[in-house]
Amino acid sequence: MSRYRLYPTQQQETLLLTACGHARYVWNLALEQKNMWRRDRPHTPNYMEQARQLTEARRENPWLAEGSVTVQQQALRDHDQAWRNFFNGTHDRPTWRKRGQHEGFRIVGREAARLRRDNGRWSAVNIPKVGWVRFKRSRDLPEAKSYRVTRDRSGRWHIALAAIPAPIPAPGTGEVVGVDRGVKVAVALSTGELSSPAGLRQKESGRLRHLQRRLARAQKGSSRRARIKGQVARLRAREADRRKDWAEKTSTDLARRFDVIRVEDLKVKGMTRSARGTIAKPGRNVRQKAGLNRGILAAGWGLMVTRLEHKAPRRVEKVNPAYTSQTCNACGHCAPENRKSQAVFRCVACKHQDHADVNAARNIAAGHAVTARGDRAKPARSTKREPQRKRLPTVA
């Protein structure tokens, strides 16, 4: 995707929000039909049947017919693809789309090719039922057959052209790098480099806490609450932009410098799951776990590795992270006592000392982790395990 910032006028923004409402309305109707399925009922309508029903609905409802048929049909196609992804096991179950959270629509076909270049900095796109909307051309425009228009919670509009960029070629030096991910230091490389996203500054963090306290006291549904909510969203968007910028620059730098990039095989989604539990079985250390979850998400673990896999396909290898932070890279001794603190690693066997995250990154670069018995990873059978008596075959 190549994304650009849209700058619609006030009148165009009203028309864009109307198109988003039509797409959201069609999506929710199609989802309601899918959720009505039961084992004792016939099959729910597929995309072709829903498209026929959309034509009838546009004929009976003038307010729906005033919108773009392309926007509404693509909402049905997106809904159909979402269910296909769910049944293939690659995505979660489709959910309802809400106003203020899911604002966007997709344009395909001939209408997606209506782009023009105004000058050296600005371009414009002709959106159906809206007209020519300007956007800032921060990079060259790729050849795309569709695009998606979205509005984030801070009120910014973007256009994303559906074009897959070419991967970054390998340098051909044969160098291998290990990447260790952490909370205090987001990324530590086996070369000794440390990097983390910028995040919010101290003054911005203080303002965010102040706004959150005001938001908690504001009455629900009031204009004051909506105004404060927008201010909080703008600060959150600024933090997310800095995290995305860091992930893009870091992943591009690694893809250009190294032939093989080895990272920890971490299940970020499971690691950031809430520890709240249920009423019958409440969780423990919920607040501490919530703070850890926020730290992991702020470090951009998943985003950085995802962008690495996009830019350097088949060059990213995932290594079992077990005991990489407790194993000495110099002598191979594994003990919990080696990790003196979050940042200090001092081997109790050979007295080797290094930054703890850098030591773990060098273990990852070597492509090995250790098992619970202290062996190198993935042997056919542990060499430290006692011989087992062979079992005689059972005679039928």
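Residues numbered from 1 in each chain as written. Predicted model: local features only at pLDDT ≥ 70, side-chain atom pairs only at ≥ 80, totals over all residues. Heavy atoms only, no water.

A look at the nonpolar core
In summary, soluble globular proteins display a tendency toward joint burial of nonpolar side chains. Membership of the largest hydrophobic core comes to 28 residues, with the highest contact counts inside it found for L6, F105, V125, I127, Y147, V149 and I159. The element contributing the most residues to this core is helix α1 (residues 10–35), with six residues. Residues A186, A255, F258 and L266 belong to the second largest nonpolar core, which totals 23 residues. (Core = buried A, V, L, I, M, F, W, Y, C linked by side-chain atoms within 4.5 Å. Buried < 20%, exposed > 50% of the residue type's maximum accessible area, 1.4 Å probe, protein only. Helix = DSSP H or I, 4+ residues; strand = E, 2+ residues; numbered from the N terminus.)

Thoughts on the packing of aromatic side chains
For the structure on display, the rule yields six aromatic pairs. Here the aromatic residues W83, F86 and F87 are joined through ring pairs into a cluster of three or more. In this structure, R116 packs its charged tip against the face of W132, placed 4.5 Å from the ring centre. Sitting over the face of the ring of Y4, R139 holds its NZ or CZ atom 5.2 Å from the ring centroid. (Phe/Tyr/Trp six-rings, centres within 6.5 Å; stacked < 30°, edge-to-face > 60°. Lys NZ or Arg CZ within 6 Å of the ring centre and 35° of its normal.)

Quick notes on the sheet that holds strand β10 (residues 194–195)
The five strands lie next to each other as β10-β9-β8-β11-β12, forming an open sheet whose pairing is mixed. Edge positions in the sheet fall to β10 and β12 (316–319), since each of these pairs with one other strand and no more. Bridge analysis of strand β11 (residues 260–264) against β12 gives four bridges, and the strand direction is parallel. Its bridge partner lying in β12, I261 is registered against V316. (Pairing = 2+ DSSP bridges.)

Description of the pattern of salt bridges
Inspection of every chain in the model, using the stated rule, returns 25 salt bridges. For D92, the salt bridge is made with K269, and the minimal N-O distance between the two is 3.1 Å. Here the residue D92 occupies a position in the loop between α4 (69–88) and β2 (103–108), and K269 occupies one in helix α7 (residues 268–271), the gap between them amounting to 177 residues. Here D92 falls in the exposed class, since its relative accessible area comes to 54%. Given a relative accessible area of 57%, K269 falls into the exposed group. Put simply, K311 and E248 hold a salt bridge, and the shortest N to O gap is 2.8 Å. Placement of K311 in helix α9 (residues 301–311) and of E248 in helix α6 (residues 223–257) is noted, with a sequence separation of 63 residues between them. Judged by its relative accessible area of 30%, E248 falls in the partly exposed class. The network of salt bridges with shared partners includes R201, E204, R238 and R242. (Salt bridge = Lys/Arg side-chain N within 4 Å of Asp/Glu carboxyl O.)

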